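Remarks on the overall topology
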Amino acid sequence: MSPSSNADRIKELILSRLDGKGPDDHVSCPADLIGQDFDTCRDADGINHIPENLLYCIDLDNPTESYVSPAIGRMLGYAASDIDFSATEWWRFYVHPDDADQIVRTRNPANWPDGEMRRTFRLRHVDGHWIEVYDQAVIRKTTAKGVGVILGSLRDLSSRRQITVALEKSSRRYEHLLGALAEGVVVFGPSGEVVECNVAALKILGLTRAELSGAMPSDPRWNCVYENGASFADGVHLAARVLKTGRGEFGVVVGVNHANGDRVWIRLNAEPLRDEANGQSDGVIVSFADISELKRAEVAMIERAKMYRQMFERTTAIKLLIDPSTGDIVDVNDAACVFYGYPEDKLRKMKVTQINRSSVTVVRRSMAKVLTDGKGTFSFKHMLASGDIRDVVAHCGAVQIDGQDYIHSVIFDVTERNAYEHELEHVNVELSAERQRLNEIIWGTNVGTWEWYVQTDELHLNERWAEIIGYNLAELGDTMMDTWAKFCHPEDLAQANEQLQRVFDRELGYFEYECRLRHKNGDWVWVSNRGKVVEWSKDGRPLRMSGMLVDITPSKKVDQEIRRMAQTDTLTGLGNRHQFDTMLAKVIKINQRLGKNVVLMLLDLDHFKPVNDTFGHPVGDKLLIEVAQVLRKFSREADIITRLGGDEFAIILPLVDKITDAAIPAKRIIDAISEPIVIDGHNIHIGVSIGIAACHGDDSNNENLYREADRALYQAKNCGRNRFCYFEPDHADGSPDPANPPCNSSAQSDRSIDG
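Here the structure is a predicted model, which means the values were calculated and not measured.

Here's the deal with the sheet that holds strand β22 (residues 524-536)
- On the basis of which strands lie adjacent, the open sheet formed by five strands has the order β20-β19-β23-β22-β21 and antiparallel pairing. Bordering the open sheet on either side are β20 (458-461) and β21 (511-518), each of which pairs with just one other strand. The sheet shows a mean angle of 25 degrees between the axes of neighbouring strands, direction not considered.
- The pairing of β21 with β22 spans eight bridges and is classified as antiparallel. Within β22, the residue paired with Phe-511 across the bridge is Gly-531.
- Most of the contacts of helix α17 (residues 490-504) go to β21, to which it runs at about 155 degrees, and overall it touches β19 (448-453), β21, β22 and β23 (542-551).

What to know about a nonpolar patch on the surface
- A cluster of nonpolar side chains, namely Ile-590, Leu-594 and Leu-655, defines an oily patch on the protein surface of about 280 Å² accessible area.
- Considering the arrangement of structural elements, one finds Ile-590 in helix α19 (residues 577-594).
- Using a relative accessible area of 40% as the deciding quantity, one classes Ile-590 as partly exposed.

Notes on the pairing of strand β24 (residues 597-606)
- With nine of its 10 residues buried, β24 lies for the most part within the structure.
- Sheet analysis places β24 next to strand β26 (residues 648-656), joined by seven bridges and oriented antiparallel. Across the sheet, the residue bridging to Asp-604 is Glu-648, located in β26.
- By the bridge criterion, eight bridges tie β24 to strand β29 (residues 687-694) in an arrangement that is antiparallel. Bridging from a neighbouring strand, Asp-604 pairs with Ser-689 of β29.

Observations concerning the state of the cysteines
- Throughout the structure, instances matching the rule amount to zero disulfides.
- Cys-488 takes part in no disulfide bond, and the closest cysteine sulfur, belonging to Cys-515, lies 4.3 Å away.
- Among the residues examined, Cys-488 registers a relative accessible area of 5% and is labelled buried.

Examining the sheet that holds strand β12 (residues 263-274)
- With antiparallel pairing, six strands are arranged side by side in an open sheet as β9-β8-β13-β12-β11-β10. Lying at the two open borders of the sheet, with one neighbouring strand each, are β9 (194-197) and β10 (224-225).
- With three bridges joining them, strand β8 (residues 184-188) and β9 adopt antiparallel strand pairing. Directly across from Val-186, in β9, lies its bridge partner Cys-197.

Some points on the packing of aromatic side chains
- Per the stated rule, a full pass over the model turns up eight aromatic pairs.
- Where Phe-93 meets Tyr-94, the ring centres are 5.0 Å apart and the plane angle is 90 degrees; that geometry is what we call edge-to-face.
- Among the residues examined, Phe-93 registers a relative accessible area of 55% and is labelled exposed.
- Ring geometry for Phe-339 against Tyr-340: centres 4.9 Å apart, planes inclined by 75 degrees, an arrangement best described as edge-to-face.
- Site record: aromatic cluster; members linked through ring pairs are Tyr-78, Phe-93 and Tyr-94.
- Over the face of the ring belonging to Phe-93 we find Arg-124, whose NZ or CZ atom lies 4.8 Å from the ring centre.
- When the ring centre of Trp-536 is taken as origin, the NZ or CZ atom of Arg-506, which lies over that ring, is 3.8 Å away.

Things to note about the nonpolar core
- In terms of nonpolar packing, the biggest core is built from 37 residues, with Met-601, Leu-603, Leu-605, Ile-669, Ile-690 and Ile-692 touching the most fellow members.
- Looking at this core, the elements that each hand over two or more residues are β24, α20 (608-615), α21 (617-633), β26, α22 (663-674), β27 (677-679), β29 and β30 (723-726).
- Counting residues per element, this core draws most heavily on α21, at seven residues.
- Leave out the neighbours within four places in its chain, and Ile-692 touches Val-599, Leu-600, Met-601, Ile-659, Ala-662, Ala-666, Ala-712, Phe-724, Cys-725, Tyr-726 and Phe-727.
- With 28 residues, the next largest nonpolar core counts Trp-452, Val-454, Ala-496 and Val-503 among its residues.

Definitions and cut-offs
- Residues numbered from 1 in each chain as written.
- Predicted model: local features only at pLDDT ≥ 70, side-chain atom pairs only at ≥ 80, totals over all residues.
- Heavy atoms only, no water.
- Pairing = 2+ DSSP bridges.
- Helix = DSSP H or I, 4+ residues; strand = E, 2+ residues; numbered from the N terminus.
- Axes fitted to C-alpha atoms, helices over the stretch in contact; angles between N-to-C directions.
- Contact = heavy atoms within 4.5 Å.
- Patch = residues over 30% accessible without salt bridge, like charges linked within 9 Å, V, L, I, M, F, W, Y side chains within 5 Å.
- Areas by Shrake-Rupley, 256 points an atom, 1.4 Å probe, with all protein chains shown as cover.
- Salt bridge = Lys/Arg side-chain N within 4 Å of Asp/Glu carboxyl O.
- Buried < 20%, exposed > 50% of the residue type's maximum accessible area, 1.4 Å probe, protein only.
- Disulfide = S-S within 2.5 Å.
- Phe/Tyr/Trp six-rings, centres within 6.5 Å; stacked < 30°, edge-to-face > 60°.
- Lys NZ or Arg CZ within 6 Å of the ring centre and 35° of its normal.
- Core = buried A, V, L, I, M, F, W, Y, C linked by side-chain atoms within 4.5 Å.

Below you can see the structure in the form of structure tokens.
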């Protein structure tokens, strides 16, 4: 084979495969790509465009002879003269900073497996956005002593992905692409021996390079069969026929039997190579692609055809089969009859426009889109036999039955879902504004970061992590996982480790936990710790975990303040009714475990209403504040003082031996409140009545205790007010206990209001 004449031909054929062209397609780019200034190709209409594969050649023996396609500049939005491709490091100005190290690591061909290199990186377009490109290159020696030549191409992946997405919409176009894009390449010499192959060919054929190199078409190691299962006869291999006839053969399907018993189906294209000097045969290039999935799909399609009727009928999903040319409903299942309310024979005679409330134009356009794209999803309003209008989503797919196009439509009733979504729209608007504010706060907040090498226990922290707990990194020294354990609150550490283990067991996708860390000043700092395993070993062990630490102490303090405010009377600063109900039940349970009594004092001001009526509510409010101060003055630190509402107050006295222990604070409170109180220049005289009750053993509860104290308060009111009464169960004969009278009057008598 002539290296100089056929190298360009091979590159041209490889380029045609990478561009998605068939072997018979015209390749407008010149065959002699090296050293020529080309940056466009012409399509069939003569229009210039940037080739999808942009070639370059790096001559390692003579770098000045290297070549980079100017079309790369055009891909990046520059004129050909704007980029100096002769500079060795021309790419550094354009490559994404995160990808530069990768290019440096993979630039040495000595480190390329099988002499090939493939990598993906990003280049900056002139307008600032990043273009992801696929770089594929091979190293070839030009002489026995020479270093060699790097042949490569760059491909704009964004355009390729757009093409792929478009092709996937049609199974026919997908099959065409699968047949035309031959990934394996094998080159036979003029004598029929294999002289070159790529990695994809080795993978598809199940052979090593040593096994394939030098193999002849008649070699049994090919182990190929025809589609009917017959083995290749000697000299009948596709490459042998092309060598013999000098004519290319394309689209030949054969099976390749691997040594492990698997069979891979491939589609081959073979084309003769000719010496440009004399036109004589100089070998054959064979390209092929693995179409095993396609073969299996053909078998599956036969089975699916047999199963179609059962799948169509035996389901609770609503299904219609529609003739797009007429709009007739040609088939329905039982679920459709139940949903629409029509018998099967009538529904089959209807047109889809009779149930679809959209215009005829919209319905026809939707069906045309399904036929074009192969599938489609639409939202419609369908009318039932009852006249009800239902919101539906129709998932449609184009199918062929006996060569005729139909649309298979699966209908989902989403009326209730849509109604619920409408109800949530207002809430979503409010949440969206709140979410925006929260995102801005999170974005602008400095967070601590950490990286943990799990197997070595090495922990890497940033400066902010140390600052959150009042240190700098130098003060923390060498950080291991013990650093975290040393600062974490003992009550939080066990639960954090438990959740961490669940992440390692893959029960949880990430680690997220709120805990307390000991600050340098001795305080506890609340933090939110979130992380994820970013690297696993082959045997499933966690290797590396990364995450962040956020100081949430301010938010915790806000939460505590909110809870305090929710349980605080805004006027007096005492606890409110909610705190009273919550704390009374808790205190009773705690005191029962300790064998102590809980005493409840209910207080109601005497003659408070005339104060409001005479001096106005502002004076009344100030009077309530003064009363609250009196209650605080004569209560213990452990006592719980609350304002139940209006002029009613309550004091919970825990850890009391007997009910009569409450007499001392009760008398002091009555005496203090009975004294004249000057507010805004007015001498105000009021009193207070107090009902006292105590819990009785393990059967007591907050409701009974409150009821008994309320009865005692009522008794104090009836006995003349400005006094306290105990709740005492009556004797069997109905008389109170004379040794322990329920009511005790204050030394001072009630007074009237003196304005």
